[in-house]
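Observations on the three-dimensional arrangement
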Amino acid sequence: MTFDTRTNIMPIFGRILEIREGGGRPILAYDNMNNKELSVTDAKEKQEKLNALDAKMKQLQQRLMTEFNVWGLDSKKDKDKIKEKDKLLKEMKKTQKAIEKIKTGKLLSRDGKRNLVAYSFIAPNFIGFAVFTLVPVVCAFLLAFMSWDGNNPIQFVGLDNFKHLADDTRFIAALKNTVVYSVATVPFTLIAALGLAILLNKKIKGRAIFRAIGFFPYVASLIAVAAVWNNIFSPGAGIVNVLLTNLGVAKQNLPGWAADSQWAMFTVVSFSVWKSMGYYMVIYLAGLQGISAELYEAASLDGANAWQKFKNVTWPQLKPTTFFVIIMLTINCFKVYDQVYMLTQGGPGTSTLVLVYHIYQTAFVTSTDYGYASAISMVLFALVLFVTIIQFRGEKNYAND
Amino acid sequence: MKKGKKVISLVLSCALVVSMFTGCGSKKNNNNNTAEKTTTEATTEAKEDAADTATTETSGEKTKLRWAVWDIAATTYYQPLIDAYVAKNPNVEIEMVDLGSQDYMTALATQLAGNDTNLDVVCVKDIPGYTNLVSKNVLEPVDTTNLDLTQYGGITDQIKINDQIYALPFRSDFWVLFYNKDIFDAAGVDYPTNDMTFEQYDELARKVTKTDLGSEVYGAHYHTWRSAVQLFGILDGKNSIIGGNYDFLKSYYEMVLNEQKDGVCQDYATLKTSSLHYSGAFAQGNVAMMNMGSWFIPTLIEKIKSGEYTDIKNWGIVKYPHAEGVEPGSTLATITSLAVTSASKNKEVATDFMNFVCGAEGADVIAATGTFPAIKTDSVVSAIASMEGFPTDAESAEALKTANTYLEMPVSDKSAEIETILNDGHDYIMTETMTIDEGIAYMNEEVGKILK
Amino acid sequence: MVKTSQKSRINKVILYVVLIAITVLMLIPFIWMLSASLKYDKDVFTVPIKWIPENPKWDNYKVIWTKIPLLRFVLNTSKITLIVTALQLLTSSFAAYAFAKLEFKSKNALFLGYIATIAVPWQVYMVPQFIMMRSFGLNDTHLAIICLQAFSAFGVFMMRQFYQGIPDSLCEAARIDGMSEYKIYRKIMLPLSKPALSTLTIFTFVATWNDFLGPSIYLTTQNKKTLQIGLRMFIGQYSSEYGLIMAASVISLIPVLIVFLCLQKYFVEGVAATGIKG
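All values reported here derive from a predicted model rather than from experimental measurement.

**Focus on the overall build of chain A**
Helix and strand counts for chain A come out as 16 helices and 5 strands. In chain A, once contacts between residues fewer than 6 apart in sequence are set aside, the share between residues at least 24 apart is 65%.

Quick look at the structure:
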C-alpha cells in the first residue's frame, strides 16, 4: 500500500521548466511539459510555487519514512498511528495533485475528468430525482421542526414535535408494532423468496408458468388477497380453525386470528410473507443468473453436495442481491401500511397499528399536523438508516474480502 | 470547484424550500385578511362581488365553477342538481371534480393546501373533516343573513364553530331499524313497532332467532362500525359521545355482547375479518332486524328492482328503539354539506350555487332521487314514502319522521382524535380482548388525556 | 446407475408436489377474484366462500366498460406506464453504472442520499410535493405522474446491486483496451444485465400500472384518470360494487401477466450463459 503511493510520488522530482538563454540572458521560459512558451515572470512564479510544493512533498516523504515504520504497524494496537498515517498520505496525495496541476497546466486533473464522466452518468436520473423527490423530502425534514397544517403560516417549534412523541401512546404502540412486524417479516420473506427462486431456477417443465404464479399474490388486487387470507383464517368458519377443531382444539381456545389481539400480528406477518415472497423471488431469480456455471462445476469436481454448493457458491455470490433485498425489505416493512389496513385496520384496538398508518392519521385524519407527522417519520427514517448503514458496513467488508 | 457546486446546489434547494414555505405563508396572510373582511364587512364585499359577476354577465362570458365531489358514477343527484341550477343561471358552467370516496378528505386537503386551488365548491364528507378544514382556514364562512336556518331542524347549530358556520348541509341521513317481514311472519311474531324500548327490541330479536347449524336466523345485526352500538347510548340526550366518560355505554355493550354470545347476532370478529358489508348481510335474508342509516333505503329499493336482492323483498322500517322514558324517534344524524373555498375566485357565484343546492329547491331535486336532503319538509318526506318500492305500511312511512336528531360525531376540535380512541375501545370490547369494564376504562382514560 | 435414477425420480416427484402445493396457495386469490367478478355484490364476502357462483353474472364484464370510461382509463394508464418504464430503465441503469463501477467524489454520500429518500414515507412529503408541482403548473397533468415515477431511487439501487455482481475485471480489461466508459456501459454492462433489466421493467411496470395514491391526488379531470382510480370508482361511501371491482381487476391484471411472461425468459441468460469468466 505505502510502497505504491511512494512509487506514484517519485516521478515528480524533476524540473519542468528550462530557461533558454538568448544572447547570454534569459528571454523566454519554455514549459516543456505543455509545449508552451511563458514569460519569465510567470515562469519564475511557477517555478517558485513548484519548488515550495516539492519541498513540502519531500518533507512529508521524510516524515512518512521516519515516523511511521510502515511494516511494523499492528492494525489493532496502533489504531491512532494508522489514522495519522492515513492523514499524511492524504496530504501527500493533495500536494501531488497541486504539483501535477502546475506541471500540466490543465484545469481538470485526471480525477476531475473521472468525476465528470461519473456525474454525466448520474445526471439524467439525479436531476429528476433531486427536483421531484429530494426537494420535497428535504421539506419534510424541515417540517419536523415546524408546525404546519398545509394552509396556515408555518411556525417554528424547535424540538417540540419530538418531545411530544414520548407521551403519544399511539405512537409508542405503533413503533413497537412496526419493529415487531419488521423483525418477524424480513427473515421469513427472505428465506421464502430465496427458496422459491432456487426452486424455480431449476430446469423444470412449465417453469415460466410457475414463476408467474409465484408472482401472483403480489400483483393480484389487495382486496382479493386480503379477503382470501381473512377467509382462510376466519375465526368462525375458516379452514385453519376447522382443521384445528379436528385436531382437538377446544372451541374457546381457537385463535381469533385477525380479530384476536394475541394473533393479529401473526396473521399480518404471515400474510405479508405470502404476498411479497414472489416479488423478492423475482429479484433473486435475476441475481441467480449472474452466477457463473463454472463455479458450480468446480464445486462438483470437489465433490460438494447441494448444501455445500449453496453455502460456498450461491450464498456468497448472491451477496449484493441479498444486500439489496434486505434493505428493500426492511424499508418496505417499516413503511407497511395498506396490507395491515386491509387485514386488521390496525386492530384489535392498537394491536397492529403501524407507524405509517399513524403518520397518515396524524397528517390527514385525527389532526392536520404535517410537522408532527414529519417528526414521526423521522423516527422511521432513523430506524431505516441505522439498518442500512449496518448493512452497508457488511457490504464493504465483503467487497474487501 | 466541486465544493462550490455542492454549496450552490444546497443553497438553491434551500431557497426553493424557503420560498415555497414563505409563499404559502404570505398567501395565507392575505387569506386571513379576506376572511376577516368577509365576516366584518360582508355586505360591502358582497356588493363588490355582485358587481364583478354583473360585468361577466354583460361580457357574455360563462363563469365556471369547479365542484369537488365523490362517486359521480354511483351518485344520482349531482347531475340533476347541476342541471336545475344551470337552467336557472345559463351563464354558469359547473364542472364536477371526482376525488374518490375512500380518500376523499385526504385528496381534498391536498388540493386545498397552500391556499391556491381551482376548486370553488367542495362537498364536506364528515364532521371531523369539516373541523379540520375549518381550522385550516380554507372554508369561507357562510353568510347567514338571508338564510332561513330553521329549515335545517337545528343541525346547523350543531356545526357552529366560534358562532359561525362554514358549510351548509344538503344531505342529512338518520338511523332507523330495518327489518325483514318474512322472518317475523315465519316465526309468527309481531313486527317491530315505532315505539320500542331497548328491552322490547332485545326480546323481539331473541324471539325470532334460530341457532340451527346451517340455517341460522339472526334476530339482530350490528355492522362493525362503533356507531352501530355506542350511539344507542346518546339517544337519551343526557350523554355526549365526546364527554370523556363512557360509563353509560355499559348496558348497551352488555346487551349486544349477550346477543353475540347467544347467537342472536353474528360474531363481530367474523364480520370484521370477512369485511362483509351490511347490505350483503341483510340481503342474505337471514337477518331479522338491522339498525342502519336511511341512505340504505334507495339502495334497497334499487337492488330489489334490479333483481339482485331476492331474499328480502318484504322489508320495512321502524323508528330506532329508545331508552325508557325517551321520546321515540330520537335518532342519529349523518350530514353531508357543501362549502365555498376561501381561495375561490368566483365566491359570489359559488355561494349562490351552495345556497341553491342546500336550499328548498335543491332539497326537492335530491328527494326526487330517493335521497334525504337536509331540509326535511313534509313534501320531501311524503315524496320518499310514496316512491315505488318503498314499504307500503303506515309504520314505515311514519318512521321517516324524527324527533330529536344527534350528530354521529359532534363538532369539536378534538372530535377526530376522540373518534380513533372510541373505535379502538369498540374493537377491544367487541372482540372480547377487553371486558366491557376494561374497555370503558380504556376509553375514559385515553379520551381524558385528549380532553386535558 | 439404476439406483441414482430412481432417486432422482423420487426427488422429481417431491419437487412437483411441493410446486403444486405452492401453486394452489398462490392461485387462491386469483380464483377468488375470478369467482367474485361473476357474483352479485351481496354474495362476494359471505362466509364460507362460495367458489362457484350459482348464476354467474357475466354482465359484470360488460357493465364495467360502460359505467365508467374504462377504455380511456386503460389508454391513459398504458401511456403513463410505458413512458415511465422507458425513462426508468434508461436513467437508472445509466446512473447505476457510475455507482457500481466508477470511483468519484462523494459517491457514498450521494448513494446513501438515494436510499435515504426511499425510507421516507410518501404520505409525509406528499403535500409539499403537491404544492411544488402545482407551482410548476403540473397539477392535473400526466407529466406530473411521469416525473414522480420515472426517477426513482429504487431503480438506481437495484441496478447498482446487479452491476456489482459483474466482475470488475471485465471493465478493467476494456479500459486497458481504450474503451470509453460510455462504450463499456453499452457494450459490456447492458448485454450482461438483461435479467436485472427485465426485473426492473417488471417492477416499474407493475408499480406504475397499480399506482393509485399518486394519480388520485394529481389527476382530477375525468378523462385524464387512470385505471386504478377507475377501480375505486366502484367503491362508494355506503355501498361498494365488488363484483364490478373484481371484474375490472381481472382485466387490469392481464397486461401485467403478459409483461411478466414475456420477460421472465431473460432469467436464464446471464454471465453464466455468455461464458465470460468471473
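**Observations regarding the confidence of the model for chain A**
Residue and element names in this part refer to chain A. On average, residues of chain A carry a pLDDT of 81, and 83% of them reach 70 or more. Taking the mean pLDDT of every element in chain A, the minimum, 31, falls on helix 1 (residues 2–9) and the maximum, 94, on helix 6 (residues 169–199). Overall, residues 1–28 carries pLDDT values under 50, and its contacts beyond four positions in sequence, including any with other chains, amount to 32 contacts.

**Examining the interface of chain C and chain A**
If you look at the interface, chain C gives 77 residues, while chain A gives 74 residues. Per-element tally for the side of chain C that touches chain A: the top contributor is helix 1 (residues 2–36) of chain C, with 11 residues. For the side of chain C that touches chain A, the class distribution of residues is 56 nonpolar, 15 polar and 6 charged.

**Examining the domain arrangement of chain C**
Per the domain assignment, the segments making up chain C are domain 1 (2–36) and domain 2 (59–274). The C-alpha-based centres of domain 1 of chain C and domain 2 of chain C are spaced at 32 Å.

**Focus on the interface of chain B and chain A**
With 35 residues of chain B at the interface, the matching set in chain A holds 32 residues. Every element with two or more residues in the side of chain B that touches chain A is listed here: helix 1 (2–40), helix 4 (104–112), helix 5 (127–135), helix 11 (268–274) and helix 18 (415–430) of chain B. Among the residues making up the side of chain B that touches chain A, the classes are represented as 12 nonpolar, 16 polar and 7 charged.

**Let's talk about helix 13 (residues 319–334) of chain A**
Taking 1.5 Å of rise per residue, 16 residues should cover 22 Å, and helix 13 of chain A covers 22 Å from first to last C-alpha, within 8% of that figure. Most of helix 13 of chain A sits out of view: 14 of its 16 residues are buried.

**Here's the deal with the pairing of strand 8 (residues 331–340) of chain B**
Residues and elements named next belong to chain B. Counting buried positions over the 10 residues of strand 8 gives 10, a clear majority of the element. The pairing of strand 4 (residues 168–180) with strand 8 spans 6 bridges and is antiparallel. Bridging from a neighbouring strand, Pro 169 pairs with Ser 337 of strand 8. Here strand 8 pairs with strand 9 (residues 405–407) via 3 bridges, running parallel. Paired with Ala 333 across the two strands is Leu 407, which belongs to strand 9.

**Side note on unusual backbone geometry**
Residues and elements named next belong to chain B. Its identity is not glycine, yet Asn 115 carries a phi of approximately 50°, on the positive side. Assessed through the 25 C-beta atoms surrounding it within 10 Å, Asn 115 is described here as buried. In this structure, Asp 163 takes a positive phi of about 65° despite not being glycine. Topologically, Asp 163 is positioned in the loop between helix 6 (155–158) and strand 4.

**What about the packing of helix 13 of chain A against helix 7 (residues 153–165) of chain C?**
It is the contact of helix 13 of chain A with helix 7 of chain C, at a shortest axis distance of 8 Å, that shows an interaxial angle of 165°. Taken together, the axis directions place helix 13 of chain A and helix 7 of chain C in an arrangement best described as roughly antiparallel. Here helix 13 of chain A runs over helix 7 of chain C; the crossing is right-handed. Contacts from Pro320(A), Thr321(A), Phe323(A) and Phe324(A) in helix 13 of chain A reach Phe157(C), Met158(C), Gln161(C), Gln164(C) and Gly165(C) in helix 7 of chain C. In the contact of helix 13 of chain A with helix 7 of chain C, the residues fall into 5 nonpolar, 4 polar and no charged.

**As for the packing of helix 18 of chain B against helix 19 (residues 436–451) of chain B**
Residue and element names in this part refer to chain B. One way to put it is that helix 18 packs onto helix 19 with a least axis distance of 9 Å and a crossing angle of 170°. In terms of orientation, helix 18 lies roughly antiparallel with respect to helix 19. The handedness of the crossing between helix 18 and helix 19 comes out as right-handed. Contacts from Glu 417, Ile 418, Ile 421, Leu 422, Gly 425, Tyr 428 and Ile 429 in helix 18 reach Ile 436, Gly 439, Tyr 442, Met 443, Glu 446, Val 447 and Ile 450 in helix 19. Here the contact of helix 18 with helix 19 is composed, by residue class, of 10 nonpolar, 2 polar and 2 charged.

**Focus on the confidence of the model for chain C**
Residues and elements named next belong to chain C. Here chain C averages 85 in pLDDT, while 94% of its residues score no lower than 70. For chain C, the element scoring lowest by mean pLDDT is helix 14 (residues 271–274), at 40; helix 3 (residues 70–101) scores highest, at 94. A low-confidence stretch, residues 269–278 stays under pLDDT 50, and its non-local contacts, those more than four residues away or across chains, total 21 contacts.

**With respect to the pairing of strand 3 (residues 121–124) of chain B**
All names here are of chain B. Going residue by residue along strand 3, you find Val 121 and Cys 123 tucked away on one face and Val 122 and Val 124 tucked away on the opposite face as well. In terms of strand pairing, strand 1 (residues 63–69) meets strand 3 through 2 bridges, oriented parallel. Each bridged residue has a counterpart across the sheet, and for Trp 67 the counterpart in strand 3 is Val 121. Strand direction decides the pairing type here: strand 3 and strand 8, joined by 4 bridges, are antiparallel. Looking across to strand 8, one finds that Cys 123 is bridged to Leu 338.

**Concerning the nonpolar core**
The nonpolar side chains of soluble globular proteins are, as a tendency, buried together. Counting residues in each nonpolar core, the largest one holds 311 residues, and the members touching the most others are Ala224(A), Met281(A), Tyr284(A), Ala167(B), Phe178(B), Ala288(B) and Leu338(B). Counting residues per element, this core draws most heavily on helix 10 (residues 264–288) of chain A, which supplies 16 residues. Aside from chain neighbours lying at most four places away, what touches Leu338(B) is Val121(B), Cys123(B), Ala167(B), Leu168(B), Phe170(B), Met354(B), Val357(B) and Cys358(B).

**Some thoughts on the environment of Glu100(A)**
Residue and element names in this part refer to chain A. Along the polypeptide, Glu 100 turns up in helix 3 (residues 79–104). Under the C-beta neighbour-count criterion, Glu 100 is labelled partly exposed, with 17 such atoms within 10 Å. Note: C-alpha distance between Glu 100 and Asn 161 (61 residues apart in sequence) is 52 Å.

**Side note on helix 19 of chain B**
All names here are of chain B. The end-to-end C-alpha separation of helix 19 is 22 Å, in line with the 22 Å expected for 16 residues at 1.5 Å each. Among all positions in helix 19, only Gly 439, Ile 440, Met 443, Glu 446 and Val 447 are buried. Down the axis of helix 19, the sector holding all buried residues measures 140°, keeping them to one side. Turned more than 90 degrees off the buried face of helix 19, the exposed positions are Asp 437 and Gly 448. Looking at the packing, one finds that the buried side of helix 19 touches helix 10 (250–261) and helix 18.

Cut-offs used in this document
- Residues numbered from 1 in each chain as written.
- Chains lettered and ligands numbered in written order.
- Predicted model: local features only at pLDDT ≥ 70, side-chain atom pairs only at ≥ 80, totals over all residues.
- Helix = DSSP H or I, 4+ residues; strand = E, 2+ residues; numbered from the N terminus.
- Contact = placed C-beta atoms within 7 Å.
- pLDDT = per-residue confidence, 0-100.
- Nonpolar A, V, L, I, M, F, W, Y, C, P; charged D, E, K, R; others polar.
- Domains from an automatic or database assignment.
- Expected span 1.5 Å × (residues − 1).
- Buried ≥ 20, exposed ≤ 12 C-beta atoms within 10 Å, placed from the backbone.
- Pairing = 2+ DSSP bridges.
- Axes fitted to C-alpha atoms, helices over the stretch in contact; angles between N-to-C directions.
- Parallel < 35°, antiparallel > 145°, perpendicular 65-115°, else oblique.
- Left-handed = near helix turned anticlockwise from the far one by under 90°.
- Core = buried A, V, L, I, M, F, W, Y, C linked by C-beta atoms within 7 Å.
- Arc of directions from axis to C-beta.

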